[in-house]
Amino acid sequence: MTLDLLPIGQRARIVAVDWDSLVAEEAQRLQALGIDVGARVAIAHRGIFAGHDPIALMIGRMNVALRRAHARAMTVEPV
Amino acid sequence: MEGRRIAALVGNPNAGKSALFNALTGARQKIANYPGVTVERKAGRLILPSGAPIELTDLPGSYGLAATSPDEEVTRKVILGEFPGEPAPSVLVVVLDASNLEQHLVFAQEVIALGRPAVVALNMVDLAERDGLVISADALQEALGVPVIETVAVRRRGLAELTAAIGEAQERQHGAPHPPVPLVERRVTAHAIAEAAIVSESRRHRLHARLDRLFLHPWLGPLILFALLFVVFQAVFTWATPFADGLEGAIGWLIDLTKAALPESLLRDLLTDGILSGVGSVVVFLPQIVILFFFILAMEASGYMARAAFLMDRLMAGVGLSGRSFIPLLSSFACAIPGIMATRSITDPKDRLTTILIAPLMTCSARLPVYAVIIAAFIPNVAIWGPVGLQGLVLLGLYVFGIIAAMAVALVLRHSVTKGAASGFIMELPKYQMPRLQDLLIGLWQRAWIFLRRAGTIIFMVTVALWLLLNFPRAGEGQSQVDASIAGRIANGLAVVVEPIGFNRDIALSLIPAMAAREVAVSSLATSYAVAETDENAQAQQLGDRLKADWTLPTALAFLAWFVFAPQCMSTIAVTRRETNGWKWPGFMLLYLFALAYIFAGITYWSAVALGL
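Residues numbered from 1 in each chain as written. Chains lettered and ligands numbered in written order. Predicted model: local features only at pLDDT ≥ 70, side-chain atom pairs only at ≥ 80, totals over all residues. Heavy atoms only, no water.

Per an unreviewed UniProt entry, chain B goes by the name Ferrous iron transport protein B and belongs to Novosphingobium kunmingense.

The name given to chain A in an unreviewed UniProt entry is Ferrous iron transport protein A, and the organism recorded there is Novosphingobium kunmingense.

Here it is in structure tokens:
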């Protein structure tokens, strides 16, 4: 399952990331925020308009907003 | 000891650096040019326990030394001592958010590994405790190999200890830098260090999660955002009124005083008609600007602004931008200059350029004086519903018009001159925090000072120059002074161009000096009416009453429409040139804004005339 499909509140672990599908700077920024293989995450909120973009991702004690397009590049495994 | 000694605050965004900086330096800080939130170089003096001063700088928040934005580039260069004209910091003060330890330790390791004398400020320990986190500073100190001081910037906790540690650190010699460690490895180490340093952790219901559920709620969230923005704009108009009236009264009193004290002469006219009525007409808007900035600063400091960016991201994505552009654009409501400078945190260059180009369409506070005068004169002050008045509603409408125009322009630009892949949106949502009054006051003082300095310099000079142009050459018998003057003649020429859109010569006259700054339009209208009027009684008449007598409603509406786009602001052009490294984009900006201003003023005028207004 990719991260964008994860139900709200469901805890999951990132098992693979298709970095090549992302812009290099954005990939770097996501990694700097700790969003990488092995990270434990959960979706806290979704956007309000059509497409439910962006996503508020819980990682550790931090919330990070990112787009669904980013989340789609990440494969997660519910834990 | 060589020249200037600097201690630099470094850390992730939202580590509480700015609050710590304010707490350490108090009001003794120097901000180069215009302050963005954490964009500009902020420096202050810190007195060490030895009595020696050291310069403390607040560097832009960064996630690592590998920069992905111009902001982070500055931080990287200063830390490494590569920034031109900036001495390498003698001490690096690494600021960590205690409740986000693991994340912040990733960058901290990178900084400490440089081998420079470093001190860690374990900041916001109170918020961590509120979250049920107890952290051992000793364990952290052991693991990192540098002094760790617990601080709560907002409660001034640990400040003396931190200052002492900075003093001791600057005596230390530079150690040898460690070889760079890859990110993944640093992350593993960060996890291990945090694990060891956290004494106890309870998964308590966190306040900010609950607040997020409210502020990011699918329909309550946007409702709250728009209600908040509505309150802001109503407040700007209603709360400021008594203060503005007071200031206006004081200026009138000064004019009367000057008239009574000096014999009638051209010099007295320069003082009263030129300087006092010109500069005074701008200064009366200080209360409105302070109120607007109060809300923006409070939203920023409380952490709400990032939620607003989250809510707005989808809409911004619709025109090819991201929620990240929302903060610079919202700042532009106060002034486009800090707004344009705040775009440095946007990583995508085309996204950033588009945001810079549309920033002047956000109704800045300099336009407020213009709007306020025209609205007060032409829009009846009637209540629509409870405390909601028609005047406030029209003002809100002008703001909304600016926003819609900005979005439309962004959409067009993203499909033409700034064409490129749609930009992403990655942004940390900081924890909610009660804004501290002292920080708000420091911020407000800085903004108010900038405004007053503008009034005292640019606006003062332009007003005097205009007064001179209006008064020379002197009119002969039976000729009006404005007709005879140099300014009058220039305006006559310009009037031909702006006549089709309903502008009269007075407006043409005010547009010339308003190139320096938009609010000058008001002071120059005030000056030219004061010069034109020889009768003392009529001169005392309020500017608004004069306008009401001389202008038609369509002309007034066209004037308002013009100012939604009006590119007149030399400072904006200058800052755009600096931020885009050339004249190409400021030139483009000037051109497209003038074209739109002309077209929309025209459309407004013609439609109003056709409707028989």
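Engineer: So what exactly am I meant to see when it comes to the overall build of chain A here?
Structural biologist: In terms of regular secondary structure, chain A is built from 2 helices and 5 strands. Its helices and strands in sequence order give chain A the pattern β-α-β-β-β-α-β, from N to C terminus. Radius of gyration (C-alpha) of chain A: 11 Å, near the 12 Å computed for a compact globule of 79 residues. Each of the three principal axes of chain A carries a C-alpha extent, and together these read 30 × 25 × 25 Å. (Helix = DSSP H or I, 4+ residues; strand = E, 2+ residues; numbered from the N terminus. Rg over C-alpha atoms; globule rule 2.2 N^0.38 Å.)

Engineer: Could you clarify how one ought to interpret the interface of chain B and chain A in this entry?
Structural biologist: The figure often quoted for interface size is the accessible area lost as the parts come together. Chain B puts 40 residues into the contact, and the matching count from chain A is 28 residues. Contact with chain A buries area across many residues of chain B, yet Phe310, Arg314 and Ile426 of chain B alone supply 22% of it, more than any other trio. Put simply, chain B and chain A have 3 salt bridges between them. Put simply, Arg187 of chain B and Asp36 of chain A hold a salt bridge, and the shortest N to O gap is 3.1 Å. Seen at the junction of chain B and chain A, the total is 12 residue pairs in polar contact (both at pLDDT 80 or more). Broken down by secondary-structure element, the contributors of at least two residues to the side of chain B that touches chain A are helix 7 (183-197), helix 8 (207-215), helix 13 (304-318) and strand 12 (427-429) of chain B. For the side of chain B that touches chain A, the element with the highest residue contribution is helix 13 of chain B, accounting for 6 residues. Residues belonging to the side of chain B that touches chain A are distributed by class as follows: 17 nonpolar, 11 polar and 12 charged. With 3 bridges joining them, strand 4 (residues 62-66) of chain A and strand 12 of chain B adopt antiparallel strand pairing. Counterpart to Ala65 of chain A in the pairing with strand 12 of chain B is Met427 of chain B. (Contact = heavy atoms within 4.5 Å. Buried area = accessible area lost by both parts, 1.4 Å probe. Salt bridge = Lys/Arg side-chain N within 4 Å of Asp/Glu carboxyl O. Polar contact = N/O pair within 3.5 Å; in protein donor to acceptor, adjacent residues only side chain to side chain. Nonpolar A, V, L, I, M, F, W, Y, C, P; charged D, E, K, R; others polar. Pairing = 2+ DSSP bridges.)

Engineer: Sorry, what's going on with the pattern of salt bridges here?
Structural biologist: When the charged atoms of two side chains lie near each other, side chains of opposite charge can form a pair. Residues and elements named next belong to chain A. Under the criterion given, the structure shown has 15 salt bridges over all chains. With its nearest N and O atoms 3.4 Å apart, the salt bridge here joins Arg72 to Asp4. Within this pair, whereas Arg72 is found in helix 2 (residues 68-72), its partner Asp4 is found in the segment before strand 1 (12-17), the two being separated by 68 residues in sequence. What makes Asp4 buried here is its relative accessible area of 5%. (Buried < 20%, exposed > 50% of the residue type's maximum accessible area, 1.4 Å probe, protein only.)

Engineer: Looking at this model, I keep getting lost on the pairing of strand 6 (residues 118-123) of chain B. Mind explaining?
Structural biologist: The two faces of a sheet get side chains in turn, since along a regular strand they alternate between them. Residue and element names in this part refer to chain B. Most of strand 6 sits out of view: 6 of its 6 residues are buried. Judged by which residues are buried, strand 6 turns out to be covered on both faces: Ala118, Val120 and Leu122 on one side and Val119, Ala121 and Asn123 on the other are all buried. Between the parallel pair strand 5 (residues 91-97) and strand 6, the chain is carried across by helix 3 (residues 101-112), and the sense of this crossover is right-handed. With 3 bridges joining them, strand 6 and strand 8 (residues 148-150) adopt parallel strand pairing. When the sheet's bridge partners are listed, Leu122 is paired in strand 8 with Glu150. (Right-handed = clockwise from strand over helix to strand, strands pointing away.)

Engineer: Just checking my understanding: could you explain the sheet that holds strand 2 (residues 40-46) of chain A for this structure?
Structural biologist: Hydrogen bonding along the main chain pairs the strands of a sheet, whether they run parallel or antiparallel. Here 6 strands make up an open sheet; going across it, the order is 5(A)-1(A)-2(A)-3(A)-4(A)-12(B) and the pairing antiparallel. Pairing within the sheet leaves two strands with one partner each, and these edge strands are strand 5 (74-78) of chain A together with strand 12 of chain B. Direction aside, the axes of adjacent strands within the sheet are offset by 40° on average. Running over the sheet, helix 13 of chain B touches strand 2, strand 3 (55-59) and strand 4 of chain A together with strand 12 of chain B and is turned about 125° from strand 12 of chain B. (Axes fitted to C-alpha atoms, helices over the stretch in contact; angles between N-to-C directions.)

Engineer: What is the right way to look at the packing of aromatic side chains in this model?
Structural biologist: The description of an aromatic ring pair uses the distance of the two centres, along with the angle that the planes make with each other. Residues and elements named next belong to chain B. Tallying each qualifying case throughout the model produces 17 aromatic pairs over all chains. Aromatic side chains Phe215 and Tyr304 sit 5.1 Å apart centroid to centroid with 75° between the ring planes, which places their arrangement in the edge-to-face category. Highlighted residues: Phe215 in helix 8 and Tyr304 in helix 13, separated in sequence by 89 residues. For the pair Phe215 and Tyr304, one class covers both residues: buried. An aromatic cluster is built from Phe378, Phe503, Trp551, Phe559, Trp562, Phe563 and Phe594, whose rings are joined through pairwise contacts. A cation sits over an aromatic face here: Arg307 above Tyr432, 4.1 Å from the ring centre. (Phe/Tyr/Trp six-rings, centres within 6.5 Å; stacked < 30°, edge-to-face > 60°. Lys NZ or Arg CZ within 6 Å of the ring centre and 35° of its normal.)

Engineer: Hey, could you run me through the domain arrangement of chain B in this one?
Structural biologist: Domain boundaries in chain B define domain 1 (6-201) and domain 2 (303-427 + 552-612). Distance from the C-alpha centre of domain 1 of chain B to the C-alpha centre of domain 2 of chain B: 37 Å. (Domains from an automatic or database assignment.)

Engineer: Looking at this structure, I do not really get the packing of helix 5 (residues 137-144) of chain B against helix 7 of chain B. What am I missing?
Structural biologist: In a packed pair of helices, the relevant descriptors are the angle between the two axes and the axis-to-axis distance. Residue and element names in this part refer to chain B. Following both chains from N to C, one finds helix 5 and helix 7 inclined at 150°, their axes separated by 8 Å at the closest point. By the angle between their axes, helix 5 is roughly antiparallel relative to helix 7. Between helix 5 and helix 7 the crossing geometry is right-handed. Contacts between helix 5 and helix 7 involve Ala139, Leu140, Ala143 and Leu144 from the first element and Ile193, Ala196 and Ala197 from the second. Of the residues assigned to the contact of helix 5 with helix 7, the class counts are 7 nonpolar, no polar and no charged. (Parallel < 35°, antiparallel > 145°, perpendicular 65-115°, else oblique. Left-handed = near helix turned anticlockwise from the far one by under 90°.)

Engineer: Sorry if this is basic, but what is going on with the nonpolar core here?
Structural biologist: Soluble globular proteins tend to pack their nonpolar side chains together in the buried interior. All names here are of chain B. If you look at the biggest cluster of nonpolar residues, it comprises 134 residues, and the most contacted ones within it are Ile358, Phe503 and Trp551. Not counting chain neighbours up to four residues away, the residues in contact with Ile358 comprise Leu321, Leu329, Ala406, Met407, Val409, Ala410, Leu413 and Tyr592. Of all hydrophobic cores here, the second largest spans 34 residues; its members include Ala108, Ala128, Val148 and Ala194. (Core = buried A, V, L, I, M, F, W, Y, C linked by side-chain atoms within 4.5 Å.)

Engineer: Is there a simple way to think about the environment of Arg352 of chain B in this case?
Structural biologist: Residue and element names in this part refer to chain B. Structurally, the position occupied by Arg352 is in helix 16 (residues 349-358). Taking relative accessible area as the criterion, Arg352 reaches 13% and is therefore assigned buried. Residues Arg352 and Leu413, 61 residues apart in the sequence, show an inter-C-alpha distance of 12 Å. Here Glu579 takes part through its side chain, which lies 2.8 Å from a polar atom of the side chain of Arg352.

Engineer: When you look at the environment of Val199 of chain B in this model, what are you seeing that I'm missing?
Structural biologist: Residues and elements named next belong to chain B. Topologically, Val199 is positioned in strand 9 (residues 198-201). Considered as a pair, Val199 and Ala137 are 62 residues apart in the sequence and their alpha carbons are 9.9 Å apart. Not counting residues up to four positions away in its chain, the partners in contact with Val199 are Val134, Ile135 and Ser136.

Engineer: Help me understand the packing of helix 26 (residues 553-565) of chain B against helix 28 (residues 584-610) of chain B, please; the structure alone is not making it clear to me.
Structural biologist: All names here are of chain B. Running from N to C, helix 26 and helix 28 cross one another at 155°; their axes reach a closest spacing of 8 Å. The orientation of helix 26 relative to helix 28 falls into the category roughly antiparallel. Remark: the crossing between helix 26 and helix 28 carries right-handed chirality. Of helix 28, the residues touching helix 26 (which contributes Pro554, Thr555, Leu557, Ala558, Ala561, Trp562 and Phe565) are Leu593, Phe594, Leu596, Ala597, Tyr598, Phe600, Ala601, Thr604, Tyr605, Ala608 and Val609. Grouping the constituent residues of the contact of helix 26 with helix 28 by class yields 16 nonpolar, 2 polar and no charged.

Engineer: Could you clarify how one ought to interpret the UniProt feature "transmembrane region" (unreviewed entry) in chain B in this entry?
Structural biologist: Under the local residue numbering, the UniProt record ascribes the feature "transmembrane region" (unreviewed entry) to residues 214-237, 275-297, 368-386, 392-413, 451-470, 556-576 and 588-608 of chain B. Regarding residues 588-608 of chain B, the helix share stands at 100% and the strand share at 0%, and the terminal C-alpha atoms are separated by 30 Å. (UniProt positions renumbered as here; feature names shortened; annotations may be inferred.)

Engineer: Honestly, the confidence of the model for chain B in this entry has me stumped. Any pointers?
Structural biologist: Note: predicted coordinates in regions of low pLDDT should not be interpreted at a detailed level. Residue and element names in this part refer to chain B. For chain B, mean pLDDT is 84; residues scoring 70 or higher make up 94% of the total. Every residue in residues 33-39 is under pLDDT 50, and counting partners more than four places away or in other chains gives 22 contacts. Predicted as a complex, the structure gets a pTM of 0.78 and an ipTM equal to 0.94. (pLDDT = per-residue confidence, 0-100.)

Engineer: Would you explain the pairing of strand 1 of chain A in this entry?
Structural biologist: Residues and elements named next belong to chain A. Direction of pairing for strand 1 relative to strand 2: antiparallel, over a ladder of 2 bridges. Along strand 2, the bridge assignment pairs Arg13 with Arg40. Pairing of strand 1 with strand 5 involves 5 bridges; the strand directions are antiparallel. Following the sheet pairing, Val17 is matched in strand 5 by Met74.

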